[in-house]
Each structure stands twice: as C-alpha cells, then as structure tokens.
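Overview (structure and organization)
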Amino acid sequence: MFTKKIFGQRLQEVRKGHHETQPELGEAIGMVKSRVSEIENGKNTTTIEKLAKICEHYKVSADYLLGLSDDPEPR
C-alpha cells in the first residue's frame with residue numbers, strides 16, 4: 001500500500017545503499033536537495049517523470065519504491 005512515508009523511507013534506503021547524497025540524487029534527476037529531503041521525510045511526493053528517473057538511476061522497481069512490492073528488482 002502506498003504512503004508518502006513508505007516512499008520516502010525506501011527512497012532514502014536505496015539512495016544510501018548507493019552511497020549517494022541528497023544533492024547528488026537531486027542533480028542526477030533534476031531536483032533540488034530540499035525537495036529530495038521533503039520526499040524522504042514523507043512530507044511530499046514527486047511526479048511520474050521524476051519517479052521514472054529515480055527508478056532508472058538506481059535500477060529499482062517503481063512498485064518497490066511505492067510500497068506495492070517488497071522486491072526492489074525491476075522486471
């Protein structure tokens with residue numbers, strides 16, 4: 001089930017697993033650091049376009065980030 005909190009937690013987990021900072025992620029997908037922080041803290045979400053960029057950047061499934069699956073591997 002999708003919640004902003006789960007999305008934020010999973011994004012942070014994936015980002016840290018790749019040893020990347022919030023500013024580095026922001027630069028990679030065209031988003032400012034403060035926006036990345038808001039997402040990771042469960043205060044905001046993002047657009048479909050940015051979600052797709054995050055998935056491509058980290059090679060992770062959107063279903064995983066959105067809390068719809070526990071499998072991070074894209075199919």
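See the structure shown above.
Attention here is on the structure that accompanies the text. None of the values given here were measured: they were computed from a predicted structure.

Moving on, we get to helix H3 (residues 33-40). For the α-helix, the turn length of 3.6 residues means that residues three or four positions removed from each other point alike. Among all positions in H3, only Val 36, Ser 37, Ile 39 and Glu 40 are buried. The buried side chains of H3 occupy one side of the element, clustering within an arc of 160° when seen end-on. In the core, the buried residues of H3 are packed alongside helix H1 (4-17) and helix H2 (22-29).

Let us look at unusual backbone geometry. With the exception of glycine, most residues fall at negative phi, and the peptide bonds are largely trans. In this structure, His 19 is a non-glycine residue whose phi angle is positive, near 50°. In this structure, His 19 sits in the loop between H1 and H2. Here the phi dihedral of Lys 59 falls at roughly 55°; this positive angle occurs in a residue that is not glycine. By the secondary structure assignment, Lys 59 is in the loop between helix H4 (48-58) and helix H5 (62-65). The class of Lys 59 is exposed, set by a relative accessible area of 62%.

Glancing now at the pattern of salt bridges. Evaluated as defined, the whole model comprises three salt bridges. Arg 10 is the salt-bridge partner of Asp 70, the closest N and O atoms lying 2.8 Å from each other. Placement of the pair is Asp 70 in the segment after H5 and Arg 10 in helix H1, with a sequence separation of 60 residues. The buried category is assigned to Arg 10, whose relative accessible area is 15%. Of the charged contacts, one joins Arg 35 and Glu 38 as a salt bridge, the two residues approaching to 3.9 Å between their closest N and O atoms. Here Arg 35 and its partner Glu 38 are both found in helix H3, three residues apart, which amounts to about one turn of the helix. On the basis of relative accessibility, which here comes to 34%, the residue Glu 38 falls in the partly exposed class.

Within the span of H2, buried status applies to Gln 22, Leu 25, Gly 26 and Ile 29. Taken down its axis, H2 places every buried residue within 100° of arc, on the same side. Immediately beyond the C-terminal end of H2, within one or two residues, lies Gly 30, with a positive phi of roughly 80°.

Reading guide: rules and limits
Residues numbered from 1 in each chain as written. Predicted model: local features only at pLDDT ≥ 70, side-chain atom pairs only at ≥ 80, totals over all residues. Heavy atoms only, no water. Buried < 20%, exposed > 50% of the residue type's maximum accessible area, 1.4 Å probe, protein only. Helix = DSSP H or I, 4+ residues; strand = E, 2+ residues; numbered from the N terminus. Arc of directions from axis to C-beta. Contact = heavy atoms within 4.5 Å. Salt bridge = Lys/Arg side-chain N within 4 Å of Asp/Glu carboxyl O.

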